[in-house]
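Residue strings, one per chain:
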Amino acid sequence: MNEWFNHTFPNVVYQGWTGDTGWWTAITQTIFMTYWAAIFGGVLGLIFGFGLVVTAKGGIAQNKVIYWCLDKIVSIFRAVPFIILLAVIAPFTKAVAGTQIGTTAALVPLSLGVFPFYARQVQVALSEVDDGIVEAAQASGATFWDIVFGVYLLEGRAELIRVSTVTLISLIGLTAMAGAIGAGGLGNMAIAYGYNRFANDVTLIATLLVLVFVLLVQVVGDFLAKHYSHK
Amino acid sequence: MTKPFISFQNVSVAFQQKKRTIQAVQNVSLDIDQGDIFGIVGYSGAGKSTLVRTLNLLQVPTSGKITVNGQTLFEKKDQNARPQQISAKELRLKRQKIGMIFQHFNLQNERTVFDNVLFALNHAKLKQKEKEAKVHELLELVDLTDRAKQYPSQLSGGQKQRVAIARALANDPEILISDEATSALDPKTTKQILQLLKRLNQEYGLTIVLITHEMDAVKEIANKVAVMQNGQVLEEGSTLAIFTHPQEKLTQEFIETATNEDEAIATISQSPAITALGAGQRFVRLAYSGNNTNEPLITSLYKKYEVQANILYGNVEILQGSEVGALLVVLSGDQDKQAAALANLKEQGVTVTILKEGK
């Protein structure tokens, strides 16, 4: 078995497990980037998503100006292709992270790249909360924060989990591109050590590992969404 | 004269749609007394929901004045005047005292029955233990104690509406707005909900504003009615007066839907007794209400005038303790005596409508 593996995937074995170019290193880099970008981008996306819903026409804190601003910011960031975003915001990245290359530096563009996507998804998820339920809460004298946390967040929970799953999967996709600014990870492994060196076996295994990640996220997300839905 | 408990004065609501302005409510003035069950009927789009939603300012009027229990919630003399509105905090407190139930119940799907009611108590000045006791009390009132831990999706429509009622009552409101609350329910459940509302009205003195397109519901529990069309109140009065002496055509239409009488007339008109109505016979509708029902109507026709009355259809209802009835009869006998008999009936306050004369 071992011998067969060494024979079929010689370049995979050559990369090693630890060390700068090792598989374990690539895996942890991907997890690191996904995890932190999900937190930063997630919080930002939630704030923007909620902001869009409550300030929209007919929302509980209707406000044309704020809505317009939030909407445009989200649209603009969504319009910039991620690979270009990486380059464009490099000075900002340097200001925030102290460097513009490496795994930690990649968190800045990753967070900014994923948040508008997530904000839109959150907006859609929360729009599905029945207006009647919100109205019933208002009629019973609920405050703004009662409605945000007690109604929108709770009633939209299952849908929020679903869109978070989708976002997380697309974020894993973005981390693959972050290799372009030296962030490492499985995407970088597939391209830099696989494709560019004609080591197709490395590309194949890196792809499989990414697929395992995606599948895992999907399964857990589906389970949680179902668990938290009482509709 | 005491001041009305709830008062709408010249309330108008307009919606701006692109370049069109839609007048949903036009200059409506309406007074509702404490302890009333005030029915507001009208077809969908008549503006009844919009009007009543101004009561808790879920809908802000374009102009007009709204007072509840002496407190002015909103006042704007005309379209260009500055609106005067109670503060957001006062409004929240006021809303706690105005419960509301809806056609589609509007319960939170992700909260249990218990938590749905508990959420309404979020700002009550009670300790957690007291809040929980209160929820139990309310669930007992609507007879749903055994469902406390279930989610709304596990309940029937009637049960959901009862949870909604418990939620609406959480802060001991003075007013309950029922916005088409029985329209999505079957007739039997509708009756149960209406009886529950009536009980709340009688036992707790709760003032109820009942919006509906079902005259049946009004007939069942309301003591006063207003009929709305195109954003205006066409007619208002006690349920008894409206049912017995409707002035407007629309009101009559609504009443007919509640009694099914025109259906009966249609069916009977096709029967041989009417199609082959003999010479000197008359097909007549007699409508009566209140006191004159104590007189044995049909018997007196025969005794005094020797006019025979063959009853083909009869409908008697008790509205606010008064009898209201309608009979469809075929009269036969001497022409002069029939005329005298009908004149006498009219004198007694019976509404006589001749539907067909025999040839």
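The structure presented is a predicted model; accordingly, all values stated were derived computationally and were not measured. (Residues numbered from 1 in each chain as written. Chains lettered and ligands numbered in written order. Predicted model: local features only at pLDDT ≥ 70, side-chain atom pairs only at ≥ 80, totals over all residues. Heavy atoms only, no water.)

Q: Honestly, the overall build of chain A in this entry has me stumped. Any pointers?
A: Counting its regular elements, chain A contains 12 helices and 0 strands. If one aligns the C-alpha atoms of chain A with their principal axes, the spans along those axes are about 70 × 40 × 25 Å. In chain A, which comprises 231 residues, the proportion classed as buried is 47%. Looking at chain A alone, contacts between residues at least 24 apart form 72% of all its contacts between residues at least 6 apart. Working note: accessible area of chain A is about 11900 Å², and carbon and sulfur atoms make up 69% of it. Averaging the locations of the 11 positively and 12 negatively charged side chains of chain A gives two centres separated by 8 Å. (Helix = DSSP H or I, 4+ residues; strand = E, 2+ residues; numbered from the N terminus. Buried < 20%, exposed > 50% of the residue type's maximum accessible area, 1.4 Å probe, protein only. Contact = heavy atoms within 4.5 Å. Areas by Shrake-Rupley, 256 points an atom, 1.4 Å probe, with all protein chains shown as cover. Lys, Arg positive; Asp, Glu negative; His and termini not counted. Charge placed at Lys NZ, Arg CZ, Asp CG, Glu CD.)

Q: What's the story with the sheet that holds strand E8 (residues 175-179) of chain B in this structure? I'm lost.
A: Two orientations exist for strands paired in a sheet by backbone hydrogen bonds: parallel and antiparallel. Residue and element names in this part refer to chain B. Pairing is mixed in the open sheet, where 6 strands are placed in the order E7-E8-E9-E3-E10-E11. Only two strands of the sheet have a single partner each, and these edge strands are strand E7 (98-102) and strand E11 (232-238). Averaged over all pairs of adjacent strands, the angle between their axes in this sheet comes to 15 degrees, without regard to strand direction. Here strand E3 (residues 37-41) runs beside strand E9 (residues 207-212); their pairing, made up of 5 bridges, is parallel. Pairing of Ile40 across the sheet is with Ile211, part of E9. Helix-sheet contacts for helix H6 (residues 187-204) involve E3, E7, E8 and E9, and the interaxial angle to E9 is about 155 degrees. (Pairing = 2+ DSSP bridges. Axes fitted to C-alpha atoms, helices over the stretch in contact; angles between N-to-C directions.)

Q: Just checking my understanding: could you explain the sheet that holds strand E15 (residues 351-357) of chain B for this structure?
A: Residues and elements named next belong to chain B. The antiparallel open sheet is built from 4 strands, whose spatial order is E13-E14-E12-E15. Bordering the open sheet on either side are strand E13 (308-319) and E15, each of which pairs with just one other strand. Sheet twist, expressed as the average angle between the axes of neighbouring strands with direction ignored, equals 15 degrees. Relative to strand E14 (residues 322-332), E13 runs antiparallel, the two sharing 11 bridges. Pairing of Val316 across the sheet is with Gly325, part of E14. Docked against the sheet, helix H12 (residues 297-305) engages strand E12 (282-289), E13 and E14, running at close to 150 degrees with respect to E13.

Q: I'm lost on the packing of helix H3 (residues 23-55) of chain A against helix H9 (residues 144-155) of chain A in this one. Help?
A: When two helices pack together, their arrangement is captured by the angle between the axes and the distance separating the axes. Residue and element names in this part refer to chain A. Two numbers describe how H3 lies on H9: the axes approach to 12 Å, and their chain directions differ by 115 degrees. In terms of orientation, H3 and H9 fall into the roughly perpendicular class. Handedness of the H3/H9 crossing: right-handed. Where H3 approaches H9, its residues Phe50, Val53 and Val54 are matched on the opposing element by Phe144, Val148, Tyr152 and Leu153. Taken together, the residues of the contact of H3 with H9 break down into 7 nonpolar, no polar and no charged. (Parallel < 35°, antiparallel > 145°, perpendicular 65-115°, else oblique. Left-handed = near helix turned anticlockwise from the far one by under 90°. Nonpolar A, V, L, I, M, F, W, Y, C, P; charged D, E, K, R; others polar.)

Q: What is the right way to look at the interface of chain A and chain B in this model?
A: Between chain A and chain B, the residue contacts involve 22 residues of the former and 22 residues of the latter. For the pair chain A and chain B, the summed buried area comes to about 1900 Å², and 53% of that belongs to carbon and sulfur atoms. Broken down residue by residue, the surface that chain A buries against chain B is led by Glu135, Ala139 and His230 of chain A, which jointly contribute 28%. The interface formed by chain A and chain B includes 2 salt bridges. In this structure, Glu110 of chain B and Arg157 of chain A form a salt bridge, with 3.8 Å as the shortest nitrogen-oxygen distance. Put simply, chain A and chain B have 12 residue pairs in polar contact (both at pLDDT 80 or more) between them. (Buried area = accessible area lost by both parts, 1.4 Å probe. Salt bridge = Lys/Arg side-chain N within 4 Å of Asp/Glu carboxyl O. Polar contact = N/O pair within 3.5 Å; in protein donor to acceptor, adjacent residues only side chain to side chain.)

Q: Is there a simple way to think about the nonpolar core in this case?
A: Residues and elements named next belong to chain B. Counting 53 residues, the largest nonpolar core has Ile101, Leu139, Ile165, Leu197, Leu200 and Met215 as its most contacted members. In this view, Ile165 contacts Ile101, Val142, Ile193, Leu196, Leu197 and Leu200; residues no more than four positions away in its chain are not counted. Judged by nonpolar contacts, the second largest core, of 35 residues, contains Val13, Phe38, Leu55 and Ile211. (Core = buried A, V, L, I, M, F, W, Y, C linked by side-chain atoms within 4.5 Å.)

Q: Sorry if this is basic, but what is going on with the pattern of salt bridges here?
A: For side chains bearing opposite charge, pairing can occur when the charged atoms are close. On inspection of all chains with the given rule, the structure shows 16 salt bridges over all chains. Linking Glu203 of chain B and Arg199 of chain B is a salt bridge whose minimum nitrogen-to-oxygen distance equals 3.5 Å. Separated by 4 residues within a single helix, Glu203 of chain B and Arg199 of chain B lie in helix H6, roughly one turn from each other. Sharing partners across several salt bridges, the network here consists of Asp71, Lys72 and Arg120 of chain A.

Q: I keep staring at a nonpolar patch on the surface and nothing clicks. Help me out?
A: On the surface, Ile31, Phe32, Tyr35, Trp36, Ile39, Phe40, Val43 and Ile47 of chain A cluster together to form a nonpolar patch covering roughly 740 Å² of accessible area. Tracing the backbone shows Trp36 of chain A in helix H3. (Patch = residues over 30% accessible without salt bridge, like charges linked within 9 Å, V, L, I, M, F, W, Y side chains within 5 Å.)

Q: Please clarify how the side chain of Thr175 of chain A should be interpreted in this entry.
A: Residue and element names in this part refer to chain A. Secondary-structure assignment places Thr175 in helix H10 (residues 157-177). According to the relative accessible area criterion, Thr175 is buried, its value standing at 3%. What Thr175 contacts, discounting residues up to four positions off in sequence, is Thr30, Met33, Thr34, Leu110 and Gly184.

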